[in-house]
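# Secondary and tertiary structure notes
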Amino acid sequence: MSYIYMMLIFVAAVTLFVALIPSVLWLLGYLPALLAGRHLRYAPFGYASLTLAIVVILLLAYGYWVGRWNLCVKEIEYHNDSLPSAFQGFRIVHISDLHLCTFDGNPGKLQKFVDAINAQNPDLVCFTGDLVTISEEETQPYTRVLNGISARCGVVSVFGNHDFLIYDRAYADEEERLDAVEEFARYQRDELGWTLLRDSSKVITASDGSAVTIVGVDNKNCTGQGFKTINSGDLSRAIKGVDGFTILLSHDPGHWDAEVLPQTDIPLMLSGHTHAAQFSLFGWTPSSWMFTRTYGRYDMQGQTIYVNPGLGCTLPFRIGARPEITVITLK
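Residues numbered from 1 in each chain as written. Predicted model: local features only at pLDDT ≥ 70, side-chain atom pairs only at ≥ 80, totals over all residues. Heavy atoms only, no water.

As a further point, take helix α5 (residues 174–191). Taking 1.5 Å per residue, 18 residues should reach 26 Å; α5 reaches 25 Å between its end C-alpha atoms and fits that length. Within the sequence span of α5, burial applies to Arg-177, Ala-180, Val-181, Phe-184, Ala-185, Tyr-187 and Gln-188. All buried residues of α5 project into a common sector of 150° when viewed along the axis, lining one side. Facing away from the buried surface of α5 by more than 90 degrees, the exposed residues are Glu-175 and Asp-190. Those residues of α5 hidden inside the fold are in contact with α4 (143–146), β4 (155–157) and β5 (195–196). Backbone geometry just after α5 places Gly-193 at a positive phi near 75°. (Helix = DSSP H or I, 4+ residues; strand = E, 2+ residues; numbered from the N terminus. Expected span 1.5 Å × (residues − 1). Buried < 20%, exposed > 50% of the residue type's maximum accessible area, 1.4 Å probe, protein only. Arc of directions from axis to C-beta. Contact = heavy atoms within 4.5 Å.)

So this is what it looks like as structure tokens:
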């Protein structure tokens, strides 16, 4: 059974426990009382719990069949006086957290996202991690589609926590898992043709010789925010010898507060990881209970981070927190 369906069953079970079971218990008492010509006390409780159950089920149905495909293309401008003039108007498409099991073995759904990425005519595509959820085998139905992502300067990616395959219990020992991680890195570089940055950098040079450097680090969890994750990246190694205007790709936004702000002058960091909890109501998301930086743009001390809510899912629904393609135009 695929991961996405296992999670759907889990969510359904929680819904039944929280909302539906109280309604059933109330009905079991209400019907005999009605037949006996008596009025059951606490009727408002029963009506309220039944209504809650219906609302939750309808929301989950919307999130599963509609919400997780309701793509948002968000355009922002990023201004910085130190940007080389040759990069005026340079368009970066920022995507994150594909979690390929989201697409239920249907490449057509992913193809629509890829078509939307290409429609932005990007100069560069930056992917900030979590291509898979559990296993590298999730990539197999989608290699051809992912190969279709097109940008003038290519696709640059980093590893998120899930890309280290730490949630897959199939490995006999740590050495076997690490071997699988290296094979997964080879897949991104050789089969997808992406530039996977593992504590390293890529220089993009304009025709006049000026340059922008893209730095990427392995998942770096410095704050303990969120669920079980991994702390692997080495920022000091990644930026060694790097000069000029720099953009950092780092999956976990907690890295910004822990190391990037206090230790560097990197002007722009792109991350993902939070998914905005895949639920948002009037701008509020439960991810704020776990993360300092939950979704969107944050500016502090002349430095900026953008947290993309991802394209895929870990739980099989999105309500309010739409899958997003972020288009960042440098000025």
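From this point, the narrative continues.
Once that is clear, we can look at helix α3 (residues 107–118). Look at α3: 16 Å from first C-alpha to last across 12 residues, which is about the 16 Å you get at 1.5 Å a residue. What α3 keeps buried is the set Leu-110, Phe-113, Val-114, Ala-116 and Ile-117. Burial along α3 is one-sided: seen end-on, the buried residues are contained in an arc of 160°. Among the structural elements, β2 (91–95), β3 (124–127), α4 and β12 (324–330) are those in contact with the buried residues of α3. Looking at where α3 begins, the residue whose side-chain oxygen comes 3.0 Å from the main-chain nitrogen of Gly-108 is Asn-106. (Polar contact = N/O pair within 3.5 Å; in protein donor to acceptor, adjacent residues only side chain to side chain.)

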